[in-house]
Amino acid sequence: MASSLLTSPAMIPITSSTVVVRSTLPFRSSLRSFRMNRSYNKPSLFVSCCSHVSKKGETSASVLKPVVERWLEYIPHKLPDKNYVRVFDTTLRDGEQAPGGALTPPQKIEIARQLAKLRVDIMEVGFPVSSEEEFETVKTIAKTVGNEVDEETGYVPVICAIARSKREDIEAAWEAVKYAKRPKILIFTSTSDIHMKYKLKKTKEEVIEMAASSVRFAKSLGFVDVQLGCEDGGRSEKEFLCKILGESIKAGATTVNVADTVGINMPEEYGELVSYLKANTPGIDDVIFSVHCHNDLGVATANTIAGVCAGARQIEVTVNGIGERSGNAPLEEVVMALKCRGEYLMDGVYTRIDTRQIMATSQMVQEYTGLYVQPHKPIVGANCFVHESGIHQDGILKNRSTYEILSPEDVGVVKSQSSSIVLGKLSGRHAVKDRLKELGYELDDEKLNDIFSRFRDLTKQKKRITDDDLKALVTCRDEVSSLNGARGEETNGYVPISQISSVV
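Residues numbered from 1 in each chain as written. Predicted model: local features only at pLDDT ≥ 70, side-chain atom pairs only at ≥ 80, totals over all residues. Heavy atoms only, no water.

The next point concerns the overall build of the protein chain. In terms of helices and strands, the protein chain carries 14 helices and 10 strands. In the protein chain, of all internal contacts separated by at least 6 residues, the share reaching a separation of at least 24 is 74%. When the accessible surface of the protein chain is summed, it comes to about 22700 Å², and 51% of that surface belongs to carbon and sulfur atoms. (Helix = DSSP H or I, 4+ residues; strand = E, 2+ residues; numbered from the N terminus. Contact = heavy atoms within 4.5 Å. Areas by Shrake-Rupley, 256 points an atom, 1.4 Å probe, with all protein chains shown as cover.)

Set out below in structure tokens:
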């Protein structure tokens, strides 16, 4: 069970001969390489990728033992497995560009170390030419984190710096990251008509030559791992992209990427673009194709997955999805989507992210940037494993897989059965009874009915009912009943409001 955390995606099968699975995503494509339908011949329904282990869905951190497995050999232009997807994290570069999200050098170094624990393949750690402080920070990360080899697995992250297609940028990048065991550079240039006309003020031919010559220059300095990125590739002409990528590959690029910089593409559209470029770019099969998606229309995760389904084997993501404007594709969403559905809908694609480090990484990035996620944020939001609806609570108490496809422990959250149950106005009798039992109160049906009735009255006064509230509902009623019984009086079920917590 735990072995699935560091290897290919895994899901827990529940045997069923009466349920039919329709294995499609909410978009379609006529291109074979982008088709996501897959027939099922096995008599089982895969409903979860979590680590629920008991009949009642209880989990324990003790079952999540680390799996010691040697890290896959890193060859810049080649993957050891055609289904392996590299994770290129750009939290410390693109993520830091989020308004209000600037980091201090010590914070960047600490996040870099946490990203190494997360086991990202590549971390893009900054833009060295932008300032002396940035240069020194990138250099420090390269010297430290970039040389910290895990003795058991052999893992060490690739340290990447970004540069424009300018010699001074490329030289600064080399001087900053050359100390890492695996230095890498991402050289980007604009490829859309609007960018070339108004930003670069160059012709297509000039831009192609600029990109190719930049790649050659980076190689001459000592870079073995060179990535060429097409800024605003989502709005660029397909034929032009094929030409500039082809020339860059000929010049020595080991990875190429097309960025939906402004977040304008739709999943089917972006997937078809990747498919087209994979089919029509000279030399594309000899390098890694990477995708980089922004979230302006809320589909960065879907676009990234569409790119993977179309043949991309590197995803560029940020923790919590932070980044310019509406942000980037969130690492945690894309990684968990591939973990849960990659094997069954995407021909077995997988990453080697240690998903148990996701929550710790997310919280560190939130704390240091001051950019906090909303409670309902997928994977890392506070409400992800919390249930208030009575129907849902009843299902969770019987088997967590009824309403959870992920296990909290799989993303680094250790929870007890009851800690995911929030008692409020939508909670049912089963949840109240179960919580009272955990608090030590065994009640017959008559007493439970009475307490549940007063519980419902209390939910009209406050949003969430605490354990102290439940205790007050039980003990205060007993005290009132005892007192009134001694006086020969009948009780009306009144609970002194002073006994009830006022926290909402």
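Let's pick the thread back up.
So, about the confidence of the model for the protein chain. Note that predicted coordinates carrying low pLDDT should not be read in detail. Chain-level statistics for the protein chain give a pLDDT mean of 83 and a share of 79% at 70 or above. Taken as a whole, residues 52–62 scores under 50 in pLDDT and shows 29 contacts with residues more than four places along the chain or in a different chain. Contacts for the low-pLDDT stretch residues 478–504, under 50 throughout, to residues beyond four places or in other chains number 31 contacts. (pLDDT = per-residue confidence, 0-100.)

In the contact formed by helix H6 (residues 238–251) and helix H7 (residues 267–280), the axes pass within 10 Å of each other and the chain directions differ by 50°. By the angle class used here, H6 and H7 are oblique. The two elements H6 and H7 cross, and the hand of that crossing is right-handed. When H6 is examined against H7, the residues Lys238, Glu239, Leu241, Cys242 and Leu245 are found in contact with a partner set consisting of Leu273, Tyr276, Leu277 and Asn280. (Axes fitted to C-alpha atoms, helices over the stretch in contact; angles between N-to-C directions. Parallel < 35°, antiparallel > 145°, perpendicular 65-115°, else oblique. Left-handed = near helix turned anticlockwise from the far one by under 90°.)

Another point: the pairing of strand S7 (residues 225–231). With respect to burial, S7 is a largely interior element, 7 of its 7 residues being buried. Neither face of S7 is exposed, since Asp225, Gln227, Gly229 and Glu231 on one face and Val226, Leu228 and Cys230 on the opposite face are all buried. Pairing of strand S6 (residues 183–190) with S7 involves 7 bridges; the strand directions are parallel. Counterpart to Ile185 in the pairing with S7 is Val226. As defined by bridge partners, S7 adjoins strand S8 (residues 255–260) across 4 bridges and the pair is classed as parallel. Bridging across to S8, Gly229 finds its partner in Asn257. Assessed by its sense of winding, the connection that carries the chain from S7 through H6 to S8 is right-handed. (Buried < 20%, exposed > 50% of the residue type's maximum accessible area, 1.4 Å probe, protein only. Pairing = 2+ DSSP bridges. Right-handed = clockwise from strand over helix to strand, strands pointing away.)

The phi torsion at Asp232 lies on the positive side, around 60°, for a residue other than glycine. The residue Asp232 is located in the loop between S7 and H6 in this model. Even without glycine at this site, Arg325 takes up a positive phi of about 50°. For Arg325, the position within the fold is in the loop between strand S10 (314–317) and helix H9 (331–345).

This part covers the environment of Arg113. Turning to its location among the elements, Arg113 is positioned in helix H1 (residues 105–118). Those residues in contact with Arg113, other than ones at most four positions away along the chain, are Thr144, Val145 and Glu148. A distance of 2.8 Å separates a polar atom in the side chain of Arg113 from a polar atom in the side chain of Glu148. (Polar contact = N/O pair within 3.5 Å; in protein donor to acceptor, adjacent residues only side chain to side chain.)

Let's shift gears to the pattern of salt bridges. Tallying each qualifying case throughout the model produces 20 salt bridges. Linking Glu148 and Arg113 is a salt bridge whose minimum nitrogen-to-oxygen distance equals 2.8 Å. A residue pair is termed long-range when its members are at least 10 positions apart, and Glu148 in the loop between helix H2 (132–143) and strand S5 (158–164) and Arg113 in helix H1 qualify at 35 residues. Residue Arg113 is classed as partly exposed on the basis of its relative accessible area of 36%. A salt bridge links Asp469 to Lys462; its shortest N-O distance comes to 2.6 Å. What makes Asp469 buried here is its relative accessible area of 0%. (Salt bridge = Lys/Arg side-chain N within 4 Å of Asp/Glu carboxyl O.)

Along strand S4 (residues 122–126), 5 of the 5 residues are buried, which leaves the element largely enclosed by surrounding structure. Here 2 bridges tie strand S3 (residues 86–89) to S4, and the two strands are oriented parallel to one another. Bridging from a neighbouring strand, Asp89 pairs with Met123 of S4. In this region the chain leaves S3, passes through H1 and returns to the parallel neighbour S4; the handedness of that crossover is right-handed. Both S4 and S5 contribute to a ladder of 4 bridges, which runs parallel. Pairing of Gly126 across the sheet is with Ala161, part of S5. Between S4 and its parallel partner S5, the chain crosses via H2, and the hand of that crossover is right-handed.

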